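Below, each chain spelled out in residue letters.
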Amino acid sequence: MQVFDALGRETSSFSVGDAIEHLLVDEAGHIWVGHFDENPAGIRRWSATGRLIWTSDDAHIPGLFDCYALNVSGTTAWACPYTDFPLVEIRPDRTDRPVRVRENRIRGAKAVAVHGDRVAFYGGYRDEQDRLAHGELTETSVEPTDVGLLTLPDGSGLGRRRVVGRGSRIYVQAEPFTEWGVFDLSS
């Protein structure tokens, strides 16, 4: 990991491990890393200088073997990890309950967006690769409300793509990877 300032100068360099699926920075400058199944580290938060400041090791997240989806908004992270796919709300600075795990029946999402008590999951297995599933947050679960498909403006499927969830938005970049499309849950 290399950290650069606004002028492009390296300010620090450190290792965050391997098998990185997601790497996002929150508004406080902390670096969130979600690992895939070759690295049992799960989800970790680092300072900009390389100090490990939070890990999912003792967070009691069921079935955390692979961080399928990670979203960072403000200083909160939202994750949807394999194998149980709960929606995990992570607020390390909240001392009373830093991690909240909500049961979720939507499997295989590659990106998640959250706005208030609403959530959207993008992706899935096989014929659900372009699925956009909506849900409502309760204290203990995600209650599905609607399912559709995310398509290109001409109505065609996305094909090969990259996706990133940030706050209420899911950013999608389809091949040839020259421009980003945005789905905004707050709209």
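Up top is the structure.
Keep in mind that what you see is a predicted model, and the values were worked out from it rather than measured.

A. Quick look at the overall build of the protein. The helix and strand tally for the protein stands at 0 helices and 17 strands. A globule of 187 residues ought to have a C-alpha radius of gyration of about 16 Å, and the protein, at 16 Å, matches this closely. Taking all 187 residues of the protein together, the buried fraction comes to 45%.

B. Layout of the sheet that holds strand β5 (residues 43-46). Pairing within the open sheet is antiparallel, and its 4 strands lie in the order β3-β4-β5-β6. Each edge of the open sheet carries a strand with a single partner, namely β3 (20-25) and β6 (52-55). On average, adjacent strands in this sheet sit at an angle of 20° to one another, irrespective of strand direction. As defined by bridge partners, strand β4 (residues 31-35) adjoins β5 across 4 bridges and the pair is classed as antiparallel. Pairing of Trp 32 across the sheet is with Arg 45, part of β5.

C. Highlighting the packing of aromatic side chains. Tallied over the entire structure, the rule returns 7 aromatic pairs. Between Phe 14 and Trp 46, the ring centres sit 5.9 Å apart and the planes meet at 35°, which makes this aromatic pair tilted. Here Trp 46 lies in strand β5 and Phe 14 lies in the loop between β2 (10-13) and β3, a separation of 32 residues in the sequence. Take Phe 14 and Trp 46: they sit in the same class, and that class is buried. For the pair Phe 85 and Tyr 125, a centre-to-centre distance of 6.3 Å together with 75° between the ring planes defines the contact as edge-to-face. Within this pair, whereas Phe 85 is found in the loop between β8 (76-82) and β9 (87-90), its partner Tyr 125 is found in the loop between β12 (118-122) and β13 (131-137), the two being separated by 40 residues in sequence. Note on Phe 85: relative accessible area 2%, which makes it buried. On the basis of relative accessibility, which here comes to 32%, the residue Tyr 125 falls in the partly exposed class.

D. Structural detail: the environment of His 35. Position of His 35 among the secondary structure elements: in strand β4. With relative accessibility at 0%, the residue His 35 sits in the buried group. Spatially, the C-alpha atoms of His 35 and Tyr 68 are 8.5 Å apart, while their sequence positions differ by 33 residues. A polar side-chain atom of His 35 sits 3.2 Å from a polar atom in the side chain of Arg 44.

E. Focus on the side chain of Arg 100. On the secondary structure map, Arg 100 appears in strand β10 (residues 99-102). Polar side-chain contacts of Arg 100 include one of 3.0 Å to the side chain of Glu 139. If we ignore the near neighbours within four places in the chain, the residues touching Arg 100 are Leu 87, Val 88, Glu 89 and Glu 139.

F. Main features of unusual backbone geometry. At the junction of Glu 175 and Pro 176, the peptide bond is cis and its omega measures out at 20° in the coordinates. Its identity is not glycine, yet Phe 85 carries a phi of approximately 55°, on the positive side.

G. Quick peek at the sheet that holds β13. The antiparallel open sheet is built from 4 strands, whose spatial order is β11-β12-β13-β14. Looking at the sheet topology across the chains shown, the edges are occupied by β11 (111-115) and β14 (142-149). This sheet shows a mean twist of 20° between the axes of neighbouring strands, independent of strand direction. When β13 meets β14, the two strands line up antiparallel, connected through 7 bridges. Residue Leu 137 lies in a different strand from β14, and its bridge partner there is Val 142.

H. Spatial organisation of the environment of Gly 50. Among the structural elements, Gly 50 can be located in the loop between β5 and β6. Taking the C-alpha atoms as reference, Gly 50 lies 26 Å from Ala 111; in sequence the two are 61 residues apart.

About the cut-offs
- Each chain has its residues counted from 1, running along the sequence as written.
- Where local features are concerned, this predicted model is filtered to residues with pLDDT of at least 70; where side-chain atom pairs are given and counted, the filter is 80 or more; whole-chain, interface and lining totals use all residues.
- The basis for every side-chain value is the complete set of heavy atoms in the structure, and neither hydrogens nor water enter the calculation.
- Labels follow the DSSP assignment, with helices taken as runs of H or I lasting at least four residues and strands as runs of E lasting at least two, numbered in each case from the N terminus.
- Note on method: radius of gyration uses C-alpha positions; expected globular size equals 2.2 Å times residues raised to 0.38.
- Three exposure classes are used, based on accessible area relative to the maximum for each residue type with a 1.4 Å probe and protein chains only: buried under 20%, partly exposed in between, and exposed over 50%.
- Here a strand pair is declared whenever DSSP counts at least two bridges between the two strands.
- Between N-to-C directions, angles span 0 to 180 degrees; the directions come from axes that are lines fitted to C-alpha atoms, helices contributing only their stretch in contact.
- In summary, the pairing rule links any two rings of Phe, Tyr or Trp, Trp by its six-membered ring, whose centres are within 6.5 Å, and it sorts them by plane angle into stacked for under 30 degrees, edge-to-face for over 60 and tilted for everything else.
- Definition of a polar contact: a pair of N or O atoms within 3.5 Å, with one able to donate and the other able to accept a hydrogen when the atoms are protein atoms, and with sequence-neighbouring residues admitted only if both atoms are side-chain atoms.
- Residues count as neighbours in contact if any of their non-hydrogen atoms are within 4.5 Å of one another.

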